[in-house]
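# Observations on chain architecture
The chain contents come next:
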Amino acid sequence: MSSSIMNTYGQRTLQFNQGEGVWLMDDAGRRYLDAISGIGVNALGHSHPNTTAAINTQAGKLLHTSNLYNITNQQALAEKLTEISGLTNCFFSNSGAEANEAAIKLARKHGANNGIDSPTIITFTGAFHGRTIATLTATGNEKLKEGFGPFPEGFIQCQFNDLESVKALSSNTNVVAVMVETIQGEGGVNPASDEFLNGLRSLCDANDWLLMLDEVQTGNGRTGHYFSYQAYDWKPDVLTTAKGLGNGLPIGACMANEKVADVLQPGSHGSTYGGNPLVTAVALNTIKTILEDNLLENVQHMGDRLSSQLNKALKDNPKVADIRGKGLMIGIELTEPCADFTRKALEKNLLICLSKDKVIRFLPPLIIEEKEIDLLAATIIDLINGLGK
Ligand SMILES: *Cc1c(COP(=O)(O)O)cnc(C)c1O
């Protein structure tokens, strides 16, 4: 195959030219139920009128000025995100990986400020934090790392959902932070247990480590809370997010609590585009729509509806190993790899994707309604019941 595009994504044959709500349309006018929403990005679905209006209004005024100047929308977005999260301040990036890079730099600098020579961050097996060299180092998937070494020092990997493996590092004086996803998305839709997350918070407090949550995927309403940690009675020290925030425009954020809000200072970090007038106008609008249209309640309701239909129909199916997740971040683990499943779903006008070879994964738009959930569930149940037949 020869192409002018680098082959990082393999062969792609399907192409869409329009979207509306939870639906994507191809050239032939065929409609697909989009249960993956651009990998958890199109929180408000496609062509949401609020997003279109926010883009149009801002594009007619100003797209970009750089961070040499104050940006009103950036200020407003930072205020909104700190109000929602209870954290102190924000740095804006253009992607999830860059938000995590900011968190990693912040943790290292915080360590350096405290006289630690080799600041080290604990990460976990199965984690995904991005594809830059540092975030790849933090990622717990050897296949993704192959051929890209040497990797930077300063990361130690512990076992996901195993608090003892983290406790064992309590005497390591170089550790400055723990970076973790509340539900590993790319790693196979693996929820961290309540016990594990609560335990990490206590352990971080006891050892004066930063608890850094990667909510790039779980944030912005995906699990039914604005941020997934809001299901607990504690807050992280550092929080990153991206995907759903821009509803399709590239934006990420790294937030810090009062303890580390002043670690990054002029000259220590930055981004040319980060938080520009356009993306921050759109992100503000995404948040406003999620809150005003009660989409958090919708996610809880639709997530329960989907989970209960799947559980009821599939829990005794010998091909199904597990059904798990939270809100509208749900995975069905099959007992065997199912590479062909995506194509089979496509034949039924349904877009899903796989994670870890045998986990069928759903990340539908947060605006999804009952009849669309029912169609999604019925189609998947049919397909799984038909496996091997
Ligand atoms: C997608 C994702 C990233 C990387 O985000 P990019 O925008 O692709 O750089 C990082 N962490 C998690 C948890 C993700 O799901």
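Remember, it's a predicted structure, so these values are computed and weren't measured experimentally.

Taking 1.5 Å of rise per residue, 16 residues should cover 22 Å, and helix 9 (residues 277-292) covers 22 Å from first to last C-alpha, within 8% of that figure. Taken across its 16 residues, helix 9 has 12 buried, putting it largely inside the fold. Along helix 9, the residues that are buried comprise Pro277, Leu278, Val279, Thr280, Ala281, Val282, Ala283, Asn285, Thr286, Ile287, Thr289 and Ile290. Buried residues along helix 9 sit in contact with helix 2 (49-59), helix 3 (72-85) and helix 10 (295-314). At the N-terminal boundary of helix 9, the capping side chain belongs to asparagine 276, with an oxygen 3.0 Å from the backbone nitrogen of leucine 278.

Read across the sheet, 4 strands follow the order 1-2-3-15 without closing on themselves; strand pairing throughout is mixed. With one partner strand each, in any of the chains shown, strand 1 (16-20) and strand 15 (350-351) form the two edges of the open sheet.

Moving on, we come to the packing of aromatic side chains. Scanning all chains against the criterion turns up 7 aromatic pairs. Considering the side-chain rings of tyrosine 226 and phenylalanine 227, the 4.9 Å spacing of their centres and the 80 degrees angle between planes classify their relative orientation as edge-to-face. Pair check on accessibility: tyrosine 226 and phenylalanine 227 agree, each one buried. Over the ring of tryptophan 23 we find arginine 31, and its NZ or CZ is 4.7 Å from the ring centre.

Attention now moves to the side chain of threonine 135. Relative to the helices and strands, threonine 135 resides in helix 5 (residues 133-138). Note on threonine 135: relative accessible area 0%, which makes it buried. Within the structure, the side chain of threonine 135 is placed 3.3 Å from the backbone nitrogen of arginine 131, a separation counted as a polar contact. Excluding residues within four positions of it along the chain, threonine 135 makes contact with Ala97, Asn100, Glu101, Ile104, His129 and Gly130.

On to the nonpolar core, then. If you look at the biggest cluster of nonpolar residues, it comprises 77 residues, and the most contacted ones within it are Leu81, Leu310, Ile332, Phe362 and Ile380. Apart from the residues within four sequence positions on either side, leucine 310 is in contact with Lys315, Ile323, Ile330, Ile332, Phe362, Ala377, Ile380 and Ile381.

Reading guide: rules and limits
Residues numbered from 1 in each chain as written. Predicted model: local features only at pLDDT ≥ 70, side-chain atom pairs only at ≥ 80, totals over all residues. Heavy atoms only, no water. Helix = DSSP H or I, 4+ residues; strand = E, 2+ residues; numbered from the N terminus. Expected span 1.5 Å × (residues − 1). Buried < 20%, exposed > 50% of the residue type's maximum accessible area, 1.4 Å probe, protein only. Contact = heavy atoms within 4.5 Å. Polar contact = N/O pair within 3.5 Å; in protein donor to acceptor, adjacent residues only side chain to side chain. Pairing = 2+ DSSP bridges. Phe/Tyr/Trp six-rings, centres within 6.5 Å; stacked < 30°, edge-to-face > 60°. Lys NZ or Arg CZ within 6 Å of the ring centre and 35° of its normal. Core = buried A, V, L, I, M, F, W, Y, C linked by side-chain atoms within 4.5 Å.

The values reported here are purely geometric and, on their own, carry no functional implication.
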